[in-house]
Amino acid sequence: MKLIYAGKAKSLYELDEERALMEFRDDLTAGDGAKKARKAGKGALNAEISATFMELLREKGIPTHFLDYEAPNKHVVKRVKIVPIEVIVRNIATGSLVRRYPFKEGTEFSPPIVEFCLKSDEYHDPMVNEDIALALGVVSSREELAKMREIALKVNEVLREFLLEKGIILVDFKLEFGHDSEGNLVVADEISPDTCRFWDAKTKEIMDKDRFRRDLGDVLKYYEEVKRRISQN
Ligand code: UDP
């Protein structure tokens, strides 16, 4: 199969003109790729978790690039043109937000905070406003950014409610968007413990990639627990 693109944790292969196969690898990276590890089974866990979330979004009428889950570690996806903007939604202050601004760790946001960042390891994903995104030419209009924001907030509502029923707090997450062949804006990439922060609702234990970033150990044990909880009815 022809490799279209290999990123830090996933590889994309061509299936045909309309579809691609997205492989979730076992690689884990943090700090724009500065810290690296391989954890056998991580790719399969993320692929399954992300498939569950993408299917949930589909049920709720939110457009995504997801077509099918191919166990253990692949998704069949629509080929899209990725918008080089990461959309971050925050329900609780932590991570880079408390390092960059005088927010107290754990502060709850209502309404949630939405941040746009340029996808660029070289520039460390800097936050951009509408003017910068337009001037860089990474989006074609203010409406496109508004639409990304609106979809991201809807995704937040859907995931937050779903996860809370499973005893998981959705702290924050990152979304990527793409345009399909008809020009529709759709949610792309993955939604997993690599791209979200999850806290146990009771114990507040960290159940996501922060375990790797902060060397807390038992990374896959917690990814496994996320998978277990969200696959229960
Ligand atoms: N995130 C991501 N990819 C990035 C940056 C952030 O998936 O390149 C996710 C991260 O997992 C977290 C949320 O976006 O769920 C907010 O991350 P933050 O800005 O706090 O960055 P960090 O503390 O990871 O540097």
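All of these numbers come straight from a predicted model, not from anything done at the bench.

Caption draft 1: Main features of the sheet that holds strand S3 (residues 19–24). The strand order across the open sheet formed by five strands is S1-S2-S3-S7-S6, and the pairing between neighbours is antiparallel. Only two strands of the sheet have a single neighbouring strand rather than two, namely strand S1 (3–6) and strand S6 (66–70). The average undirected angle you get between the axes of adjacent strands in this sheet is 20°. Where strand S2 (residues 10–14) and S3 come together, five bridges link them in antiparallel fashion. Across the sheet, Ser11 pairs through a bridge with Glu23, a residue of S3. Here helix H1 (residues 42–59) sits on the sheet and contacts S3, S6 and strand S7 (74–78); the angle it forms with S6, its principal contact strand, is near 145°.

Caption draft 2: Inspection of a nonpolar patch on the surface at higher detail. Side chains of Tyr101, Phe103 and Met127 sit close together on the surface and give an oily, nonpolar patch of about 250 Å² of accessible area. In this fold, Tyr101 is placed in the loop between helix H2 (96–100) and strand S10 (108–118).

Caption draft 3: Representation of the site of the ligand within the structure. In the region of the ligand, 15 residues are neighbours, and Arg90, Ser96, Asp172, Arg197 and Arg213 sit closest. Ser96 places a polar side-chain atom, nitrogen or oxygen, 2.6 Å from an oxygen atom of the ligand. Taken by itself the ligand offers 510 Å² of open surface, and the protein chains cover 82% of this. For the shell around the ligand, the secondary-structure elements that each account for two or more residues are strand S9 (85–92), H2, strand S11 (168–179) and strand S13 (196–200). Of the residues contributing to the shell around the ligand, the split by class is three nonpolar, three polar and nine charged.

Conventions we followed
Residues numbered from 1 in each chain as written. Predicted model: local features only at pLDDT ≥ 70, side-chain atom pairs only at ≥ 80, totals over all residues. Heavy atoms only, no water. Pairing = 2+ DSSP bridges. Helix = DSSP H or I, 4+ residues; strand = E, 2+ residues; numbered from the N terminus. Axes fitted to C-alpha atoms, helices over the stretch in contact; angles between N-to-C directions. Contact = heavy atoms within 4.5 Å. Patch = residues over 30% accessible without salt bridge, like charges linked within 9 Å, V, L, I, M, F, W, Y side chains within 5 Å. Areas by Shrake-Rupley, 256 points an atom, 1.4 Å probe, with all protein chains shown as cover. Salt bridge = Lys/Arg side-chain N within 4 Å of Asp/Glu carboxyl O. Near = heavy atom within 4 Å. Polar contact = N/O pair within 3.5 Å; in protein donor to acceptor, adjacent residues only side chain to side chain. Nonpolar A, V, L, I, M, F, W, Y, C, P; charged D, E, K, R; others polar.

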